[in-house]
Amino acid sequence: MYRTNTCGELRLSDVNKTVTLAGWVQRIRKMGGMTFVDLRDRYGITQLAFNQETNADMFEQANRLGREYVLQATGVVRERYSKNAQLPTGEIEIEVSALHILNAAVTPPFTIEDETDGGDDLRMKYRYLDLRRQCVRANLELRHKMAFEVRRYLDEHGFLEVETPVLVNSTPEGARDFVVPSRMNPGQFYALPQSPQILKQLLMVSGFDRYFQIVKCFRDEDLRADRQPEFTQIDCEMSFVEQEDVLNMFEGMSRHLFKVIKGIDLPKLPRMTWQDAMKYYGSDKPDTRFDMRFVELMDVLKGYGFSVFDNAAYIGGICAKGAASYTRKQIDQLTEFVKRPQIGAKGLVYARIEADGTVKSSVDKFYTQEVLQQLKAAFEAEAGDLILILSGDDAMKTRKQLCELRLEMGNQLGLRDKNKYSCLWVIDFPMYEWSEEEGRLMAMHHPFTAPKPEDIPLLDTDPASVRANAYDMVINGVEVGGGSIRIHDAGLQQKVFEILGFTPEKAQQKFGFLMNAFKYGAPPHGGLAYGLDRFVSLFAGLDSIRDCIAFPKNNQGRDVMLGAPGIIDQSQLDELDLIVKTKDADK
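Below, the structure is looked at part by part. (Residues numbered from 1 in each chain as written. Predicted model: local features only at pLDDT ≥ 70, side-chain atom pairs only at ≥ 80, totals over all residues. Heavy atoms only, no water.)

### Some points on the overall build of the protein chain
We apply this condition: Working definition: helices are DSSP H or I runs of at least four residues, strands are E runs of at least two. Numbering for both runs from the N terminus. Residue exposure (1.4 Å probe, protein chains only): buried if accessible area is under 20% of the type maximum, exposed if over 50%, otherwise partly exposed. Contacts are assigned to residue pairs that have any heavy atoms within 4.5 Å of one another. The Shrake-Rupley method, run with a 1.4 Å probe sphere, supplies the accessible areas, and residue values consider only the shown protein chains as cover. Counted as positive: Lys and Arg. Counted as negative: Asp and Glu, with His and the chain ends omitted from the count. Working definition for charges: the position is that of NZ of Lys, CZ of Arg, CG of Asp or CD of Glu.
When you go through the protein chain residue by residue, the secondary structure sums to 17 helices and 22 strands. Taken along its principal axes, the extent of the C-alpha atoms in the protein chain is 90 × 75 × 65 Å. Each of the 587 residues in the protein chain was classed as buried or not, and the buried ones make up 48%. Across the protein chain, every contact between residues at least 6 apart in sequence was considered, and the portion connecting residues at least 24 apart equals 65%. Only carbon and sulfur atoms are counted for the fraction: they give 50% of the accessible area of the protein chain, which is about 29500 Å². Of note, the protein chain has its 73 positive side-chain charges centred 3 Å away from the centre of its 85 negative side-chain charges.

Pasting the structure below:
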């Protein structure tokens, strides 16, 4: 038996017991005739003690150890003379009588500590070492616990976990597919699923009634902090439901997770329409941990000779409470922030509320104090507040710019506390959005989303104004999940395909199996999918989902540890009947 106990469980009550531990050397401290070794495993750290006087050979052996050596140590549990209150095992140590080096180790390329000296690229290359760090392992343990609680909650509510295929057919719409060539069908390709959407709808047609799956999904799209080429969804679907049924069920699941994992009693979640989210926050995933809602100022500031505002299609602002103390340098930095290419504003106007209630602005020469007092009243601003204003010739674009400014101010003023959670449902999304690239309407969610029943007549007359029976859960400005009530009528599905530019032949080719299945009696159904990676990262207070995935990809979509993607042998290409073109092919 390699060990009788783990490195995290021994306490004062175990004093005088003979135990055997196994693990990795965390650190070594040499103090004259004593050497102390911190032995680490997944469960914690226990101090091993070696005394030159009582066992000189063992003492010499301990002094030759290196960091990350794998050891087995047997000895007696003793009370520590110098206790460590930072460790659960900090009141005891092991007086070692037998030591076995199970595996020597070279010096690791970075320190295996919570505060490591390794950069992101180095830690990703040696991810198996990075995972030894307690702070990283804790993220994976949290992920396990959340997945376990999800399964428990859904099982208790009658959901069946059903696995769906990983090799499926490529479908139009949505993000780019990862494709897989078929050796047995030369010239043909599978795709890795972006989600099990169609398959879970077919399970509803099959009468499964309540389905879920914690499933890997794949999207070949540009990466950012909350995206990876492969990610994990908590994928769910229910039959004989309306929107309210789905929201109540999965709000309940979120409440369960917050209570069990974080010890937080989540209140009933507010609902916000997509229209209001864009109007007041410039985002369909508003961060409602802090206020600073947009105020539209067209009626207040237009028509006074300031051409930037007079020619604008939208003027809006935010009020930063207590920020009137911002210096001119700080405001200039904010101006440069909104003028960055990623944001694209042309400039920034500000107004300070002075201690005596007067308003001092960067455009004073165009506005009287009377007008500036109307500006103050529009925000219900008080002495010490700072008003920041943007304008533009495109209302939606300007709101998005103002959203970035609002979030930046939230960061600067310390209003985006990771330990505070503000959750809501965003509902009533548009069914379609216009794509300049495609020159047509595109489904905002996916083409299987049902329109709101009262908007169905508009499909024939004004499809751009149709609202979808769709909903997203947003936590702290992050979309952690979303879904919709689905179309279950073949005729309505055909009409939606037509609006999206599908000919009947193309629709039949791509989705004929789904539309044919509807003809055999499809129940009303709906569901949603949570991003497990995003949910875990929020609970862990992480800036990137990468830190709660065991073996993530970097920002270029590469696994630097495995060297993937990589070049495959010509024999494999020949077997697949593929020709790979390289950049040097013409040379």
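### Some details on the pairing of strand β18 (residues 432-435)
Worth spelling out the cut-off: By this definition, two strands are paired if DSSP reports at least two bridges between them.
With 4 bridges connecting them, β18 and strand β19 (residues 440-443) associate as antiparallel partners. Paired with Ser435 across the bridge in β19 is Arg440. The loop that links β18 with its antiparallel partner β19 comprises 4 residues; one of these, Gly439, has a positive phi angle of about 70°.

### Quick word on the environment of Phe513
Within the fold, Phe513 resides in helix α15 (residues 504-518). The spatial distance from the C-alpha of Phe513 to the C-alpha of Leu202 is 9.3 Å, given a sequence separation of 311 residues.

### Description of the nonpolar core
This is how it is decided: Buried Ala, Val, Leu, Ile, Met, Phe, Trp, Tyr and Cys residues that are joined via side-chain atoms within 4.5 Å together make up what is termed a nonpolar core.
Of all hydrophobic cores here, the largest spans 73 residues; its most connected members are Leu154, Phe250, Trp425, Ile475, Tyr530 and Phe539. Not counting residues within four places of it along the chain, the set of residues in contact with Phe539 comprises Leu142, Met146, Leu257, Phe258, Ile261, Lys262 and Tyr421. Counting residues in hydrophobic clusters, the runner-up holds 24 residues, among them Met292, Ile331, Ile343 and Cys403.

### Details of unusual backbone geometry
Note that the residue after Ala564, namely Pro565, is joined by a cis bond; omega there is 0°. With respect to the element layout, Pro565 can be found in the loop between α16 (532-540) and α17 (570-575). Of note in this structure, Asp428 is not a glycine but carries a positive phi near 60°. Structurally, the position occupied by Asp428 is in the loop between β17 (423-427) and β18.

### A few points about the pattern of salt bridges
For the record, the criterion: We count a salt bridge whenever a side-chain nitrogen from Lys or Arg sits within 4 Å of a carboxyl oxygen from Asp or Glu.
As enumerated under the stated definition, the model contains 43 salt bridges in all. Between Asp235 and Lys200 there is a salt bridge, with its nearest N and O atoms 3.0 Å apart. One end of the pair, Asp235, is in strand β10 (residues 230-239); the other, Lys200, is in helix α5 (residues 197-205), with 35 residues separating them in the sequence. One exposure class covers both Asp235 and Lys200, and it is buried.

### Examining α5
Residue pairs spaced three or four apart in an α-helix point in one direction, given the helix's 3.6 residues per turn. Within α5 the residues assigned to the buried category are Gln197, Ile198, Lys200, Gln201, Leu203 and Met204. Buried positions along α5 lie against β9 (210-218), β10, α15 and β22 (525-531). Phi turns positive, to about 90°, at Gly207, one or two residues after α5.

### Brief notes about the packing of helix α14 (residues 490-499) against α15
The criterion, for reference: Axis angles are defined between N-to-C directions and span 0 to 180 degrees, where every axis is a line fitted to C-alpha atoms and, for a helix, only to the segment in contact. We call two directions roughly parallel when the angle between them is under 35 degrees, roughly antiparallel when it is over 145, roughly perpendicular when it lies between 65 and 115, and oblique otherwise. With the far helix as reference, a near helix turned anticlockwise by less than a right angle produces a left-handed crossing, and one turned clockwise produces a right-handed crossing. Amino acids outside the nonpolar list (Ala, Val, Leu, Ile, Met, Phe, Trp, Tyr, Cys, Pro) and the charged list (Asp, Glu, Lys, Arg) are all regarded as polar, and Gly is one of them.
Axis separation between α14 and α15 bottoms out at 10 Å; the angle between their running directions is 155°. Taken together, α14 and α15 sit at an angle that is classed as roughly antiparallel. Considering only the axes of α14 and α15, their crossing is right-handed. On the side of α14, the interface is formed by Ala490, Gln493, Gln494 and Phe497, while α15 contributes Pro504, Ala507, Phe511, Met515 and Phe518. Here the residues of the contact of α14 with α15 sort into 7 nonpolar, 2 polar and no charged.

### Describing the sheet that holds strand β3 (residues 44-51)
One closed barrel accounts for 5 strands, arranged β1-β2-β3-β5-β4; its pairing is mixed. Geometrically, the sheet is characterised by an average inter-axis angle of 55° between neighbouring strands, direction not taken into account. Bridge count for β3 against strand β5 (residues 92-103) is 2 bridges, and the pairing is parallel. Each residue of the ladder has a partner; that of Ala49, found in β5, is Glu95. Against the sheet, helix α1 (residues 56-63) contacts β1 (18-31), β2 (34-41), β3 and β5, and its axis sits at roughly 65° relative to β5.

### Some details on the side chain of Arg399
Within the element layout of this structure, Arg399 appears in helix α12 (residues 395-412). What Arg399 contacts, discounting residues up to four positions off in sequence, is Met278, Lys279, Gly282, Phe294, Glu296 and Tyr314.

### Concerning the environment of Met146
When you line up the elements, Met146 lands in helix α4 (residues 134-156). Between the alpha carbons of Met146 and Ile261 there is a distance of 7.2 Å; along the sequence they are 115 residues apart. Met146 has contacts with Leu257, Ile261, Phe535, Val536 and Phe539, leaving out every residue within four places of it along the chain.

### A look at the state of the cysteines
Inclusion rule: Put simply, a disulfide is two cysteine sulfurs that come within 2.5 Å.
Applying the stated rule across the entire model yields 0 disulfides. The structure places no disulfide on Cys135, whose sulfur is separated from the nearest cysteine sulfur, that of Cys548, by 13 Å. On the basis of relative accessibility, which here comes to 25%, the residue Cys135 falls in the partly exposed class. You can see Cys319 has no disulfide; the closest cysteine sulfur is in Cys403, sitting 17 Å from it. Residue Cys319 is classed as buried on the basis of its relative accessible area, which comes to 10%.

### As for the sheet that holds strand β14 (residues 349-353)
As summarised here, the arrangement of the 5 strands in space is β12-β13-β16-β14-β15, forming an open sheet in which the pairing is antiparallel. Where the open sheet ends on each side, the last strands, each with one partner, are β12 (295-296) and β15 (359-361). Across 7 bridges, strand β13 (residues 314-320) lies against strand β16 (residues 386-392) in antiparallel orientation. Paired with Ile318 across the bridge in β16 is Leu388.

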